[in-house]
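Each chain, written out:
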Amino acid sequence: MKEGFLGNEVFFIGMSLEIALYQQKAIAAYERGQLLLINEELYYLQTGKND
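Caption draft 1: Just the overall build of the protein chain, in detail. For the protein chain, the helix and strand inventory stands at one helix and two strands. Put simply, the protein chain runs from its N terminus to its C terminus through helices and strands in the order α-β-β. By element, 58% of the accessible surface of the protein chain is carried by carbon and sulfur atoms, the whole surface being about 5100 Å².

What follows is the structure, encoded as structure tokens:
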């Protein structure tokens, strides 16, 4: 039982780390006014403000 839990814990830590890295990449691109490319796919960033 512990082995299954440990495997899940490692998986979720890995996912959290990957999400944090992509989040930092997106924020840096937004602050620089650059395009965001992830795995050769272009993403557009918006402010989320209702002007």
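Caption draft 2: Structural view of a nonpolar patch on the surface. A contiguous nonpolar patch, built from F11, F12, M15 and I19 and spanning about 420 Å² of accessible area, is present on the exposed surface. Residue placement: I19 occurs in helix α1 (residues 2-32).

Caption draft 3: Structural view of the environment of L37. Residue placement: L37 occurs in strand β1 (residues 36-38). Here L37 falls in the partly exposed class, since its relative accessible area comes to 47%. Residues L37 and K25, spaced twelve residues apart in sequence, show a C-alpha to C-alpha distance of 9.4 Å. Apart from the residues within four sequence positions on either side, L37 is in contact with K25 and L42.

Caption draft 4: Summary view of the packing of aromatic side chains. The tally for this structure, following the rule as stated, stands at one aromatic pair. Summarising the aromatic geometry, the rings of F11 and F12 are spaced 5.3 Å apart at their centres and angled 70° between planes, so their arrangement reads as edge-to-face. Here F11 falls in the partly exposed class, since its relative accessible area comes to 48%.

Caption draft 5: Geometry of the confidence of the model for the protein chain. Summing up the model confidence of the protein chain, the mean pLDDT is 81 and the portion of residues at 70 or higher is 82%. At the low end of the mean pLDDT range in the protein chain sits β1, at 82; at the high end sits strand β2 (residues 41-43), at 86.

Caption draft 6: Layout of unusual backbone geometry. One non-glycine residue, N39, lies in the positive phi region at around 50°. Checked against the element boundaries, N39 lands in the loop between β1 and β2. On the basis of relative accessibility, which here comes to 64%, the residue N39 falls in the exposed class. Not every positive phi belongs to a glycine, and E40 is a case in point at roughly 65°. Relative to the assigned elements, E40 resides in the loop between β1 and β2. Of the residues examined, E40 reaches a relative accessible area of 75% and is grouped as exposed.

Here is what the cut-offs are and how they apply
Residues numbered from 1 in each chain as written. Predicted model: local features only at pLDDT ≥ 70, side-chain atom pairs only at ≥ 80, totals over all residues. Heavy atoms only, no water. Helix = DSSP H or I, 4+ residues; strand = E, 2+ residues; numbered from the N terminus. Areas by Shrake-Rupley, 256 points an atom, 1.4 Å probe, with all protein chains shown as cover. Patch = residues over 30% accessible without salt bridge, like charges linked within 9 Å, V, L, I, M, F, W, Y side chains within 5 Å. Salt bridge = Lys/Arg side-chain N within 4 Å of Asp/Glu carboxyl O. Buried < 20%, exposed > 50% of the residue type's maximum accessible area, 1.4 Å probe, protein only. Contact = heavy atoms within 4.5 Å. Phe/Tyr/Trp six-rings, centres within 6.5 Å; stacked < 30°, edge-to-face > 60°. pLDDT = per-residue confidence, 0-100.

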